[in-house]
Amino acid sequence: MTRALACGAFSAALALAACGGGESPDTAASSEGEAMATEVAAPTELDVENVATRLAGGEDIFLLDVRTPEELVQDGAIEGYTHIPIDELEGRLAEVPRDKPIVAY
């Protein structure tokens, strides 16, 4: 998979995660069948120093590594990360929290 395609697939998968799967981006069904609003934050680019500062300050950030297993071995990883290869992300969205910032790399 090319990096551009992987980024597109990643963006689409995160949009699905933030919106509650295949549901409309504006609402998600509650257990009682009511529609409830779902806010989706716009993606923000962060540099390594910004993420390190936030982590050092105790911010609860979900670190999502979407690289291939080969890239993970070759380049190493950040402590505390969750590894979900990009080609598995759509099927594993339940593992991505919806209640905290997500830093994907």
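Keep in mind that what you see is a predicted model, and the values were worked out from it rather than measured. Here the residue numbers are simple positions, counted from 1 along each chain's written sequence. Local features in a predicted model are, by the rule used here, given only for residues with pLDDT of at least 70; side-chain atom pairs are given and counted only at 80 or more, and totals for whole chains, interfaces and linings are based on all residues. Calculation of side-chain values draws on the structure's entire complement of heavy atoms; hydrogens and water are dropped beforehand.

1. Comments concerning the sheet that holds strand S4 (residues 82–83)
Here the rule is simple: two strands pair whenever DSSP picks up at least two bridges between them. Working definition: helices are DSSP H or I runs of at least four residues, strands are E runs of at least two. Numbering for both runs from the N terminus. Strand order across the open sheet formed by three strands is S4-S3-S5, with parallel pairing between neighbours. Edge positions in the sheet fall to S4 and strand S5 (102–104), since each of these pairs with one other strand and no more. Pairing geometry for strand S3 (residues 62–65) and S4, over two bridges, is parallel. Each bridged residue has a counterpart across the sheet, and for Asp 65 the counterpart in S4 is His 83.

2. Describing the pattern of salt bridges
Any carboxyl oxygen of Asp or Glu within 4 Å of a side-chain nitrogen of Lys or Arg constitutes a salt bridge here. Tallied over the full model, the rule gives six salt bridges. Ionic pairing is found between Arg 92 and Glu 88, a salt bridge with its closest N-O pair at 2.7 Å. Taking the shortest distance from any N to any O, the salt bridge between Glu 95 and Arg 92 comes out at 2.8 Å. Note on classification: 1.4 Å probe, protein chains only; a residue is buried when its accessible area is under 20% of the maximum for its type, exposed when over 50%, partly exposed between these limits. The exposure class assigned to Glu 95 is partly exposed, which follows from its relative accessible area of 40%. Residue Arg 92 is classed as partly exposed on the basis of its relative accessible area of 23%. Several salt bridges share partner residues, and in doing so they unite Asp 65, Arg 67 and Asp 75 into one network.

3. Digging into the pairing of S3
Burial of the side chains of S3 extends over both faces: Phe 62 and Leu 64 are buried on one face and Leu 63 and Asp 65 on the other. Examined bridge by bridge, S3 and S5 share three bridges and lie parallel to one another. Residue pairing for S5: Leu 63 is matched across the bridge by Val 103. The path from the first strand over the helix to the second decides the hand: if it runs clockwise while the strands point away from the viewer, the crossover is right-handed. Running through helix H3 (residues 69–75), the crossover from S3 to the neighbouring parallel element S4 is right-handed.

4. Overview of the confidence of the model for the chain
As a general rule, the predicted coordinates of low-pLDDT regions are not to be interpreted in detail. Residues at a pLDDT of 70 or more form 62% of the chain, whose mean pLDDT is 73. A score between 0 and 100, pLDDT records how confident the predictor is in each residue. For the chain, the element scoring lowest by mean pLDDT is strand S1 (residues 27–29), at 41; S4 scores highest, at 96. Here residues 1–37 is a poorly scored stretch, pLDDT under 50, and it has 47 contacts once near neighbours within four places are set aside; other chains count. We call two residues in contact whenever any of their non-hydrogen atoms come within 4.5 Å of each other.

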